[in-house]
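The primary structure of each chain is shown beneath.
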Amino acid sequence: MTRLDRYLLSKLMALFGFFALVLVSVYWVNRAVLLFDSLISDGQTALVVLEFTALTLPYVIRIVLPVAAFAATIYAVNRLDQDSELVVMRATGASNWRLARSVVVFGLIASVMMAALVNVLVPAAKERLAERRQEVAQDVSARFLTEGSFQHPATGVTIYIRKISELGELEDLFLADRRNPARATTYTADKALIVRSDSGPKLVMLNGMAQTLQQPGDRLAITRFANFTYDIGALLQSNSNRKRALDEIGTLELMRAGSQLSALTGATPDQIRLEVTRRISQPLLAPIAALIGFAAMMIGTFSRFGMWRQITLAILGLIAVQALQNSVESVTTRDPSLWPLLYLPALGGGLIACAMLWWSQRPWRVRGARAVAEGGA
């Protein structure tokens, strides 16, 4: 790379880091607030909230990287134009195609970052997040150790706790187990404790009563007890066998997918190809976004009124690519066999960028501008 290429690349990378940091912070904070509300209300600690928000970070970075590359390119070219550096570069004989070389290298660097996120980090983070969500869902203290409200940890089971003491004692416990319609049992106890065991958590009730209604015959049996152990671990087995989603599996594993992986995830071969193609095509949007921004900014000549028209054109070009991306995603989701269509947004964006660069280099535009200026003189 020449000194000019390194200079432009350094400008782009510095601004890219700034915009990526700002956009990730804004987007991540919004997601963190939602997670904070849901997890804290479920009785989770601040460490669990921090872990969940950290696991969403790779996904957030993947979303904002193309936007950050686009914003960095727009801002860098605009500053070069305002400082007259762009005029000097053009005066040395550097064409717009020549100046685009640094933008291509910059876009490829952003694309490599996105490829690492999409193919490795995001699937690993999503898999870990799904596992932690399942663990939280199976956490007894988070599921139904809530004061003053009726909880339903499983179908046919209702739990109510009037108060939880500072020592962790459950005061005035009510538990109704109607999973077996022929034998419905209601437990009440002055106090209760949750005890961990090798076979799962147990609920030890103290000084209580069990009322069992047996069908048919409506026979009621009442048993008073000093202590009674109830197996609440059985309530947590319904979600133990969770199927892995495609977005939780690494790309290399998907490429080696066979019938075993299809049975594990419940996905068809076309759906697996669609997911792999999506991960390959998504990183291509970063260099395309940067090139569209650069090509649009190079259209026209220096103006004291700024480059707001070029910026508007660049935004419209990016919107067109995103609209095509949304359309293709919708079509391929309905019919996974059309997975090659996922390359259309990158191809269309590349054509838009090349068309803009070709238009910016049209010599008749310069002659036409000079003729207008001479006629006005």
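Residues numbered from 1 in each chain as written. Predicted model: local features only at pLDDT ≥ 70, side-chain atom pairs only at ≥ 80, totals over all residues. Heavy atoms only, no water.

> I'd like a rundown of the overall build of the protein, residues and numbers included.
Check the secondary structure of the protein and you find 13 helices and six strands. Counting the 377 residues in the protein, one finds 40% classified as buried. Of all intrachain contacts in the protein linking residues separated by at least 6 positions in sequence, the fraction that spans at least 24 positions is 61%. Counting only carbon and sulfur atoms, one obtains 62% of the accessible surface of the protein, whose full area is about 20600 Å². (Helix = DSSP H or I, 4+ residues; strand = E, 2+ residues; numbered from the N terminus. Buried < 20%, exposed > 50% of the residue type's maximum accessible area, 1.4 Å probe, protein only. Contact = heavy atoms within 4.5 Å. Areas by Shrake-Rupley, 256 points an atom, 1.4 Å probe, with all protein chains shown as cover.)

> Any chance you could break down the pairing of strand β4 (residues 183–195) for me, citing the residues and the numbers?
Each regular strand carries side chains that alternate between the two faces of the sheet. Relative to β4, strand β3 (residues 170–177) runs antiparallel, the two being bridged by seven bridges. Each bridged residue has a counterpart across the sheet, and for aspartate 177 the counterpart in β4 is threonine 185. With antiparallel pairing between neighbouring strands as the criterion, β3 and β4 make up a hairpin whose turn holds five residues. The pairing of β4 with strand β5 (residues 202–214) spans 12 bridges and is antiparallel. Looking across to β5, one finds that valine 195 is bridged to lysine 202. (Pairing = 2+ DSSP bridges.)

> Tell me what's going on with the nonpolar core, and back it up with residues and numbers.
One finds Phe16, Leu99, Phe106 and Phe294 to be the most contacted residues of the largest nonpolar core, which totals 48 residues. Counting only elements with at least two residues in this core, the list comes to α1 (3–41), α3 (57–82), α4 (85–91), α5 (96–137), α10 (285–297), α11 (308–334) and α12 (344–360). (Core = buried A, V, L, I, M, F, W, Y, C linked by side-chain atoms within 4.5 Å.)

> Talk me through α11; I want residue IDs and the actual numbers.
Helical geometry note: an α-helix holds 3.6 residues per turn, so side chains three or four residues apart project in the same direction. For α11, with 27 residues, the first-to-last C-alpha span of 39 Å sits near the 39 Å given by 1.5 Å per residue. Taken together, the buried residues of α11 touch α3, α9 (269–281), α10 and α12. (Expected span 1.5 Å × (residues − 1).)

> Hey, could you go over α12 for me, with residue numbers and the actual values?
Between its terminal C-alpha atoms α12 stretches 24 Å, which fits the 24 Å expected from 17 residues at 1.5 Å a residue. Looking at α12, one finds that the buried residues are Pro345, Ala346, Gly349, Gly350, Ala353, Met356, Leu357 and Ser360. For α12, the angular spread of buried residues about the axis comes to 130°, placing them on one side. The exposed residues of α12 that point more than 90 degrees off its buried face are Leu347 and Leu351. (Arc of directions from axis to C-beta.)

> I'd like to hear about the environment of proline 66, residue by residue, with values.
One can find proline 66 in helix α3. For proline 66, a relative accessible area of 15% translates into the label buried. As a C-alpha pair, proline 66 and isoleucine 288 span 222 residues in sequence and 8.4 Å in three-dimensional space. Setting aside its immediate chain neighbours within four residues, proline 66 contacts Met114, Leu285, Ala286 and Ala289.

> Outline the sheet that holds β5, supporting the account with residue identities and numerical values.
Overall, antiparallel pairing links the six strands, which are arranged β1-β2-β3-β4-β5-β6 in an open sheet. Here the strands that pair on one side only, and so sit at the sheet edges, are β1 (150–154) and β6 (219–231). Neighbouring strand axes in the sheet, compared pairwise and without regard to direction, differ in orientation by 20° on average. (Axes fitted to C-alpha atoms, helices over the stretch in contact; angles between N-to-C directions.)

> I'd like a rundown of the side chain of threonine 251, residues and numbers included.
By the element assignment, threonine 251 lies in helix α7 (residues 251–255). Taking relative accessible area as the criterion, threonine 251 reaches 6% and is therefore assigned buried. A distance of 2.7 Å separates a polar atom in the side chain of threonine 251 from a polar atom in the side chain of asparagine 119. At 3.2 Å, the side chain of threonine 251 forms a polar contact with the side chain of arginine 279. (Polar contact = N/O pair within 3.5 Å; in protein donor to acceptor, adjacent residues only side chain to side chain.)

> An account of the packing of α3 against α10 is requested, with residue identities and associated values reported.
Put simply, α3 and α10 touch, their axes get as near as 8 Å, and they point 25° apart. Considering their axes alone, α3 and α10 lie roughly parallel with respect to each other. Considering only the axes of α3 and α10, their crossing is right-handed. Of the residues in α10, those in contact with Pro66, Ala69, Phe70, Thr73, Ile74, Val77 and Asn78 of α3 are Leu285, Ala286, Ala289, Ala290, Gly293, Phe294 and Met297. Considering only residue class, the contact of α3 with α10 consists of 11 nonpolar, three polar and no charged. (Parallel < 35°, antiparallel > 145°, perpendicular 65-115°, else oblique. Left-handed = near helix turned anticlockwise from the far one by under 90°. Nonpolar A, V, L, I, M, F, W, Y, C, P; charged D, E, K, R; others polar.)

> Would you mind going over unusual backbone geometry in detail, with residue names and values included?
Omega for the peptide link from glutamine 215 to proline 216 comes to -5°, which places this bond in the cis form. If you trace the backbone, proline 216 turns up in the loop between β5 and β6. With a phi close to 55°, aspartate 172 is a non-glycine residue in the positive phi region. Structurally, aspartate 172 is set in strand β3. For aspartate 172, a relative accessible area of 33% puts it in the partly exposed group. With a phi angle near 55°, asparagine 207 is a residue other than glycine that sits in the positive phi range. Locating asparagine 207 in the fold gives a position in strand β5.

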